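# Examination of the molecular architecture
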Amino acid sequence: MNGSEPYDVHLKELSFCRVSEEVIGEDVAALAQKIAAADNWIAPISVERVSGIIMDGNHRWHAAVRLGLSHIPCVLLDYADPRVKVYEWERDELFAIDDIFRVVMAQQVFPYKTTRHIFTPALPRTEIGLAELTLAAQRFA
């Protein structure tokens, strides 16, 4: 992969994704209300393609759970992809990718705003109706 390929958006079951950072409950509630009001999913989450680790989108994943969705739009990536860079929020230094796997695969999560993922180019937007994300389970069964 040379970094010039376009991103693909996939509908993945919520259970595929592994939460990687703590979230703020009030922010999840507000985001869920905003998504419900739009009746559309606009920002896919980025997920490591094999492990399901959420790179960016922990609040959106929790909002999807709160809304009772079965699937969520995801951009599946690999940490070796040159379009993906991960930094520490506080020190603006590169984050050790091995630490992400070690912590999340041990079913633990990082504190809120530990990592900052940068995607170049930016991730795409979607317009997927919430009904489709609820009914997806029936189509994929």
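First things first, this report covers the structure right here in the doc. All values reported here derive from a predicted model rather than from experimental measurement. Along each chain, numbering runs from 1 in the same order as the chain's sequence is written. In keeping with the predicted nature of the model, local features appear solely for residues at pLDDT of at least 70, side-chain atom pairs appear and are counted solely at 80 or more, and the whole-chain, interface and lining totals rest on all residues. The basis for the side-chain values is all heavy atoms of the structure; hydrogens and waters are excluded.

## A short note on the packing of aromatic side chains
Between two aromatic rings, the relevant description is the distance of the centres plus the angle of the planes. Test applied: Stacked, edge-to-face and tilted are the three classes for Phe, Tyr and Trp ring pairs, Trp counted by its six-membered ring, which pair at centre distances within 6.5 Å; planes under 30 degrees apart are stacked, over 60 edge-to-face, the rest tilted. Under the scheme used here, helices are H or I runs from DSSP no shorter than 4 residues and strands are E runs no shorter than 2 residues, and both carry numbers assigned from the N terminus. When accessible area is computed with a 1.4 Å probe and restricted to protein chains, residues below 20% of their type maximum are described as buried, those above 50% as exposed, and intermediate ones as partly exposed. The rule for a charge over a ring is simple: NZ of Lys or CZ of Arg within 6 Å of the ring centre, and within 35 degrees of the ring normal.
Throughout the structure, instances matching the rule amount to two aromatic pairs. Taken together, a centroid distance of 5.8 Å and an interplanar angle of 75° make the contact between Y79 and F101 edge-to-face. Here the residue Y79 occupies a position in the loop between strand 5 (71–77) and strand 6 (84–88), and F101 occupies one in helix 3 (residues 97–105), the gap between them amounting to 22 residues. Taking relative accessible area as the criterion, F101 reaches 27% and is therefore assigned partly exposed. Seen in terms of ring centroids, F95 and F110 are 5.5 Å apart; in terms of plane orientation they differ by 85°. Their pairing is edge-to-face. Pair noted here: F95 is in the loop between strand 6 and helix 3 and F110 is in the loop between helix 3 and strand 7 (115–119), with a separation of 15 residues, a long-range link. The same class applies to F95 and to F110, which are both buried. Here the basic side chain of K12 rests over the ring of F16, its NZ or CZ set 4.5 Å away from the ring centre.

## Re the environment of W41
Applicable threshold: The contact criterion used throughout is that any non-hydrogen atoms of two residues lie within 4.5 Å. Pairing of N or O atoms within 3.5 Å defines a polar contact, subject to two protein rules: one partner must be a possible hydrogen donor and the other a possible acceptor, and residues neighboring in sequence count only if both atoms are side-chain atoms.
When you line up the elements, W41 lands in strand 2 (residues 40–41). Residue class for W41 comes out buried when judged on its relative accessible area of 2%. Taking C-alpha positions, W41 is 13 Å from V65, a pair spaced 24 residues apart along the chain. When residues no more than four places from it in sequence are discounted, the contact partners of W41 are I35, R60, A64, L69, I72, P73, T126, E127, I128, L130 and L133. Here A43 takes part through its backbone oxygen, which lies 2.8 Å from a polar atom of the side chain of W41.

## Overview of the sheet that holds strand 5
Heads up, the condition is: Pairing between strands is defined by DSSP: at least two bridges between them are needed. To obtain an axis, a line is fitted to C-alpha atoms, over the contacting stretch when the element is a helix, and the angle between two such axes runs from 0 to 180 degrees between their N-to-C directions.
Ordered in space as 1-5-3-4, the four strands form an open sheet in which the pairing is mixed. Sheet topology places strand 1 (9–13) and strand 4 (54–56) at the edges, where each strand pairs with a single neighbour. Each neighbouring strand pair of the sheet contributes to a mean axis angle of 50°, computed without reference to strand direction. Across four bridges, strand 3 (residues 45–48) lies against strand 5 in parallel orientation. If you follow V47 over to strand 5, its bridge partner there is L76. Along the sheet face, helix 2 (residues 58–66) touches strand 3, strand 4 and strand 5 and points at about 115° away from the line of strand 4.

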